[in-house]
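Remarks on the overall topology
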Amino acid sequence: KQEVTQIPAALSVPEGENLVLNCSFTDSAIYNLQWFRQDPGKGLTSLLLIQSSQREQTSGRLNASLDKSSGRSTLYIAASQPGDSATYLCAVYPGNTPLVFGKGTRLSVIA
Amino acid sequence: GAVVSQHPSWVICKSGTSVKIECRSLDFQATTMFWYRQFPKQSLMLMATSNEGSKATYEQGVEKDKFLINHASLTLSTLTVTSAHPEDSSFYICSATQGGNQPQHFGDGTRLSIL
C-alpha cells in the first residue's frame, strides 16, 4: 500500500529565506507526483506536477524535484514571502487509482 | 485550465437535516470524480470514487447509506449527507479527472457545520 510522508510537519522561517519541503513515498511505481498548496479553510491549488519520467519542474520561485528510485521529492521555495504561508501537500498518482496524499507541511513565513 | 466548481462553499444546518453538495467540471468531461473529507489540520481522506453512470466505490469505513453519491453526467457529481449529525461537520472536497493518467482537478471545498 502506497504511503506518503512529509517532513517537517510544520516550519516557520523569516521572510526572504530559501527553504525545502520533503516528501517520501513507499512505492516507486507512480505515474506522477504533484505538489499542492492549501490555504486555511480553502481547497487545493496545484503548484507543480512532475511526470514519472521527469526529474524536476519549475514555476517562478518554486522548484520541485523527483527521484523515483529513492521515493523522494522536494519542493524548493526561493526567497520566501509571507504570502507563501500555507499548508503544502504532496500527492502521488499510482495510476488508475486516486491520488495518495501526505499529511502536509504547515509553512509560516514571518515578515 | 481545467476548472471544478463546488457548491455550496459553506453550509450550516440543524442536526437531522440532509445536505447536498454539488461538484461540477466546467470545461471538461469528468469520467471520474472523487470525494474527500478533511478534518482540521489533517490531510485529505478519500471517501469514495465515482465513475459516470456507475455506482460509487466507497472506501473502508465510509457508510454508503450515510453519504449518497450520484454521478449522473460527465460534468456533475453530488454528495448527499443524509440525516447529518454534528460529527459529520467537516470540510468536503471533490475532484474530477478525465480518466487514465490525466490529473485530478480540485474544487474549492464545502465547509459543513451541523448544529
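The coordinates are above.
Please read these numbers as outputs of a predicted model, since none were measured by experiment. (Residues numbered from 1 in each chain as written. Chains lettered and ligands numbered in written order. Predicted model: local features only at pLDDT ≥ 70, side-chain atom pairs only at ≥ 80, totals over all residues. Heavy atoms only, no water.)

**Thoughts on the side chain of A:Ser73**
Residue and element names in this part refer to chain A. This is how the line gets drawn: Where helices and strands are cited, they refer to DSSP runs of H or I of at least four residues and of E of at least two residues respectively, numbered from the N terminus. Only protein chains enter the accessibility calculation, which uses a 1.4 Å probe; a residue is then buried when its area is under 20% of its type maximum, exposed when over 50%, and partly exposed in between. Counting of polar contacts relies on pairs of N or O atoms within 3.5 Å, with two restrictions inside protein: one atom must be capable of donating a hydrogen and the other of accepting it, and residues adjacent in sequence are counted only when both atoms are side-chain atoms. Here, two residues are considered to be in contact whenever any of their heavy atoms come within 4.5 Å of each other.
Among the structural elements, Ser73 can be located in strand β8 (residues 72–77). Under the relative-accessibility criterion, Ser73 is labelled buried at 1%. Polar contacts involving the side chain of Ser73 include one to the side chain of Trp35, which spans 3.1 Å. Those residues within four positions of Ser73 in sequence are excluded, and the remaining contacts are Leu21, Asn22, Cys23, Leu33, Trp35, Ser65 and Leu66.

**Comments concerning the packing of aromatic side chains**
Put simply, the rule reads: Pairing of aromatic side chains here covers Phe, Tyr and the six-membered ring of Trp, requires ring centres within 6.5 Å, and sorts the geometry by plane angle: under 30 degrees stacked, over 60 edge-to-face, intermediate tilted.
Tallied over the full model, the rule gives seven aromatic pairs over all chains. Here A:Tyr31 and A:Tyr93 contribute two aromatic rings whose centre-to-centre distance is 6.1 Å and whose plane-to-plane angle is 50°, an arrangement assigned as tilted. Residue A:Tyr31 is found in the loop between β3 (19–25) and β4 (32–38), and its partner A:Tyr93 is found in strand β9 (residues 86–93); the two are separated by 62 residues along the sequence. Both rings, one in B:Phe67 and one in B:Tyr92, keep their centres 6.3 Å apart while their planes meet at 45°; by these two values the pair is tilted.

**Things to note about the interface of chain A and chain B**
Our working rule: Buried area: the accessible surface (1.4 Å probe) lost by two parts on joining, summed over both. Salt bridges are defined as contacts in which a side-chain nitrogen from Lys or Arg sits within 4 Å of a carboxyl oxygen from Asp or Glu. Any residue outside Ala, Val, Leu, Ile, Met, Phe, Trp, Tyr, Cys, Pro, Asp, Glu, Lys and Arg is labelled polar, Gly included; the first ten of those are nonpolar and the last four are charged.
Taken together, the contact pairs 19 residues of chain A with 18 residues of chain B. Taken over both partners, the interface formed by chain A and chain B buries close to 1,400 Å², and the fraction arising from carbon and sulfur atoms is 56%. Interface area lost by chain A to chain B is led by A:Leu44, A:Pro98 and A:Phe101, which between them contribute 29%. Across the chain A-chain B interface, the total number found is zero salt bridges. Between the two partners, chain A and chain B, sit four residue pairs in polar contact (both at pLDDT 80 or more). Elements with a minimum of two residues in the side of chain A that touches chain B: β4, β5 (44–51) and β9 of chain A. With four residues, β4(A) is the single largest residue contributor to the side of chain A that touches chain B. By residue class, the composition of the side of chain A that touches chain B is nine nonpolar, seven polar and three charged.

**Some remarks on the sheet that holds strand β8 (residues 76–81) of chain B**
Residue and element names in this part refer to chain B. What counts is decided by this rule: Should DSSP find at least two bridges between two strands, the strands are regarded as paired. Think of each axis as a best-fit line through the C-alpha atoms, taken over the contacting stretch in the case of a helix, with angles from 0 to 180 degrees between the N-to-C directions.
Strands sit in the order β1-β3-β8-β7 across an open sheet of four strands; the sheet is antiparallel. Sheet topology places β1 (4–7) and β7 (67–73) at the edges, where each strand pairs with a single neighbour. Mean inter-strand twist for the sheet, computed between neighbouring axes without regard to direction, equals 15°. Both β1 and strand β3 (residues 19–25) contribute to a ladder of four bridges, which runs antiparallel. If you follow His7 over to β3, its bridge partner there is Glu22.

**What about the pairing of β3(B)?**
Residues and elements named next belong to chain B. Here β3 shows a clear split, with Val19, Ile21, Cys23 and Ser25 buried on one side and none of Lys20, Glu22 and Arg24 buried on the other. Two strands pair when backbone bridges link them, and β3 and β8 are joined in this way by six bridges, in the antiparallel orientation. Bridged to Glu22 within β8 is Thr78.

**So, the state of the cysteines**
Any covalent bond linking the sulfur atoms of two cysteines counts as a disulfide. So the rule is basically this: The disulfide definition used here is simple: a pair of cysteine sulfur atoms within 2.5 Å.
For the structure on display, the rule yields two disulfides over all chains. Linked covalently through their sulfurs, A:Cys23 and A:Cys90 form a disulfide whose S-S length is 2.0 Å. Here A:Cys23 and A:Cys90 share a disulfide; its torsion about the S-S bond, -65°, makes the bridge left-handed. You can see A:Cys23 sitting in strand β3 and its partner A:Cys90 sitting in strand β9, a full 67 residues away along the chain. For A:Cys90, a relative accessible area of 0% gives the class buried. B:Cys23 shares a disulfide with B:Cys94; S-S distance 2.0 Å. Here the disulfide of B:Cys23 and B:Cys94 is right-handed, its torsion about the S-S bond being about 80°. Of this pair, B:Cys23 sits in strand β3 while B:Cys94 sits in strand β9 (residues 90–97); the two residues are 71 residues apart in sequence, bridging distant segments of the chain. Like B:Cys94, B:Cys23 is buried. Not engaged in a disulfide, the cysteine B:Cys13 finds its nearest cysteine sulfur in B:Cys94; these two sulfurs lie 18 Å apart.

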